[in-house]
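Below, each chain spelled out in residue letters.
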There are 2 protein chains.
Amino acid sequence: MDYRPEDILPSISTDNIIFGLDNRKLKVLLIRRNIEPFLGNWALPGGFVLYNEDLDMSARRTLQNMTGMSNVYMEQVYTFGAVNRFPDRRVVTVAYYALINYTLDNLKAGPDASDINWFDILELPDLVFDHQHILETTLEFLRAKVRTEPIGFELLPQKFTLTELQGLYEAVLGTVFDTRNFRKKILKMNLLMPLDETQVGVAHRAARLYSFNKETYHKLKDKGFTFEL
Amino acid sequence: MDYRPEDILPSISTDNIIFGLDNRKLKVLLIRRNIEPFLGNWALPGGFVLYNEDLDMSARRTLQNMTGMSNVYMEQVYTFGAVNRFPDRRVVTVAYYALINYTLDNLKAGPDASDINWFDILELPDLVFDHQHILETTLEFLRAKVRTEPIGFELLPQKFTLTELQGLYEAVLGTVFDTRNFRKKILKMNLLMPLDETQVGVAHRAARLYSFNKETYHKLKDKGFTFEL
DNA sequence: GCAAAAGTGTTCGTTCTACACCCATGC
DNA sequence: GCATGGGTGTAGAACGAACACTTTTGC
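Residues numbered from 1 in each chain as written. Chains lettered and ligands numbered in written order. Predicted model: local features only at pLDDT ≥ 70, side-chain atom pairs only at ≥ 80, totals over all residues. Heavy atoms only, no water.

Chain A appears in an unreviewed UniProt entry as NUDIX hydrolase from Adhaeribacter rhizoryzae.

Pasting the structure below:
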């Protein structure tokens, strides 16, 4: 999709840091640019804000183009506006991160990209502009947020095991939790609904499945409860 | 000071939420606009970003113009970019808050303002545009931040009493602390240097003065310590 | 001597940490 | 029957919450 120049705010862009969880590894979605500047290099997906869309909408539009997903957890992180962050002219970019249920399907490189791929956050390629810095800042932000709001669930399928949940937090935070203590703590919060279902097709004792109960969370939150891991 | 149109980014502004502490009340600095739109109404101080300055610089420039202060704690909060937040054309604004040592001196209304004043955050006038919303968002941000980073000290003079410190947290967070527990907790962190000085000219037992030791904090932080109130 | 705020300890309950073994399943 | 991860309890330490009286100073 192309846009007419007069519909675009040329000095404001949004960039997306799209996180997914793949086998206990935190990954981020990057595109390979097929336009100048830095044609052929890896970058965060993003684009210019349109005159008639909110900032949030702009970020969602990029995400939708890239993944086909629309009902996704997304949040603004920070705005990067150093004078020379973009070559030749002044562009200020607003960074948003998204937490999605990892998939290899539906990925479309979009008009400005020749390739799209998931990268382990511990094995990133070189990135264009200040995108490395943006990514690091966002990771710090995510690590702080994930410990005080129950957003990690957005990275998991609706039904998950406690071990998967623990693995998620270990991947995001880069730490190790004691299994018994982790389970006690998370179950005591009463945010997880134990299901009458277990894993299937695993070569060991099948784990019970749980789902996160958002309504319960909001009720508890209104009463002063705070999620804290 | 006036700027040439070609030096200005017309779609990007910064707005400042400047906090000060006056007698155990948290106050915010507002200006009365003497330009259209909304001439005569109260607003957050701010202005358009210049082509050759970083976002942070833009916010600092406004603060300096308003208060004459330059070495001030300042931090970006959030960027507000709804399509219709500004009348007639598209302006995205980046909000910064500042914590300053409250003063009535040096306040200058600046070129776009006919008046400047401190307002108790509990008794705010109506504000232009989405400034009410910006202020509320910033207050929430500040309340979260002040509990996990030792930034509250920026609102106090260099030498302060523990009672003043407690009053600061009570004003910002809108809560009451138990004096004994508060003192125990804050002193146990070893971030405060007790001085060989006490208050003078008070009609009661003079309190000991303390100062916050920033270097100690950074050393402890590097070792994994986190400030938590 | 009185008003006003400074300063100080203990008890009890809760939470955090560390730690090891049996269970269920698929192959 | 063995490999793989699932699932569980307890003891000791640290921390948080509640609570009241004496001290110092200026007037």
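So that's the structure; there's more coming.
### Observations concerning a positive patch on the surface
For clarity, the cut-off: Like charges within 9 Å and nonpolar side chains (Val, Leu, Ile, Met, Phe, Trp, Tyr) within 5 Å are joined into patches, using only residues over 30% in relative accessible area that form no salt bridge. In this description, accessible areas are obtained by the Shrake-Rupley approach with a 1.4 Å probe, and a residue is regarded as covered only by the protein chains that are shown. In the sections that follow, a salt bridge refers to a side-chain nitrogen of Lys or Arg positioned within 4 Å of a carboxyl oxygen of Asp or Glu. When charges are counted, Lys and Arg are positive and Asp and Glu negative, with His and the chain ends excluded. Just so you know, the charge point we use is NZ for Lys, CZ for Arg, CG for Asp and CD for Glu. Only DSSP runs of H or I with at least four residues qualify as helices, and only runs of E with at least two residues qualify as strands; both kinds are numbered from the N terminus onward.
On the surface, a cluster of positive charge is made up of R147, R180, K184, K185 and K188 of chain A. On the secondary structure map, R147 of chain A appears in the loop between α2 (131-146) and α3 (162-173).

### A short note on the relation of the copies chain B and chain A
Both copies of the chain are placed relative to one another by a rotation about an axis and a shift along it. Rules: All copies are superposed by least squares; the fitting set is the C-alpha atoms of residues with a pLDDT of at least 70 in both. Residues count as neighbours in contact if any of their non-hydrogen atoms are within 4.5 Å of one another.
Between the two copies, chain B and chain A, the superposition gives an RMSD of 0.0 Å; the rotation angle is 180° and the shift along the axis is 0.0 Å. The superposition operator between the copies reduces to a two-fold rotation axis. Most of the interface of chain B is mirrored in chain A: 100% of its interface residues are interface residues there too.

### Some remarks on the protein's contact with DNA strand C
Under the convention used in this document: Residues are counted as near a molecule or strand when any one of their heavy atoms sits within 4 Å of it. Here a polar contact means two N or O atoms within 3.5 Å. Within protein one must be a hydrogen donor candidate and the other an acceptor candidate, and residues neighboring in sequence count only if both atoms are side-chain atoms. Ten residues, namely Ala, Val, Leu, Ile, Met, Phe, Trp, Tyr, Cys and Pro, are considered nonpolar, four, namely Asp, Glu, Lys and Arg, are considered charged, and the remaining ones, Gly among them, are considered polar.
Taken together, 17 residues are adjacent to DNA strand C, and N181 and V202 of chain A together with T163, K184 and R208 of chain B come closest. When the atoms of DNA strand C within 4 Å of the protein are sorted by group, sugar and phosphate make up 45%. Within the contact set of DNA strand C, a base nitrogen lies 3.3 Å away from a side-chain nitrogen or oxygen of R180 of chain A. Contact distances for DNA strand C include 3.5 Å between a base nitrogen and a side-chain N or O atom of K184 of chain A. At the level of elements, α4 (179-188) of chain A together with α4 (179-188) of chain B are the ones that each hand at least two residues to the surface near DNA strand C. Per element, the largest residue contribution to the surface near DNA strand C is four residues, and it comes from α4 of chain A. In terms of residue class, the surface near DNA strand C is built from three nonpolar, four polar and ten charged.

### What about the interface of chain B and chain A?
It is common to give the size of an interface as the accessible area that goes away when the parts come together. So the rule is basically this: Buried area: the accessible surface (1.4 Å probe) lost by two parts on joining, summed over both.
Between chain B and chain A, the contact holds 22 residues from the first and 22 residues from the second. Of the roughly 1,700 Å² buried where chain B meets chain A, counting both sides, 55% is carbon and sulfur surface. Contact with chain A buries area across many residues of chain B, yet Y51, Q76 and R90 of chain B alone supply 30% of it, more than any other trio. Counting every contact that joins chain B to chain A gives zero salt bridges.

### Regarding the UniProt feature "domain: Nudix hydrolase" (unreviewed entry) in chain A
Using the following cut-off: UniProt positions are given in the numbering used here, feature names are shortened, and annotations may be inferred rather than shown by experiment.
With numbering aligned to this structure, UniProt lists the feature "domain: Nudix hydrolase" (unreviewed entry) at residues 12-143 of chain A. Annotated as 20% helix and 37% strand, the span residues 12-143 of chain A places its first and last C-alpha atoms 27 Å apart.

### Describing the protein's contact with DNA strand D
In the region of DNA strand D, 18 residues are neighbours, and K184, H204 and R208 of chain A together with V202 and R205 of chain B sit closest. In DNA strand D, atoms within 4 Å of the protein come 43% from sugar and phosphate. Within the side chain of R180 of chain A, one N or O atom sits 3.4 Å away from a base nitrogen of DNA strand D. Within the backbone of R208 of chain A, one N or O atom sits 2.8 Å away from a phosphate oxygen of DNA strand D.

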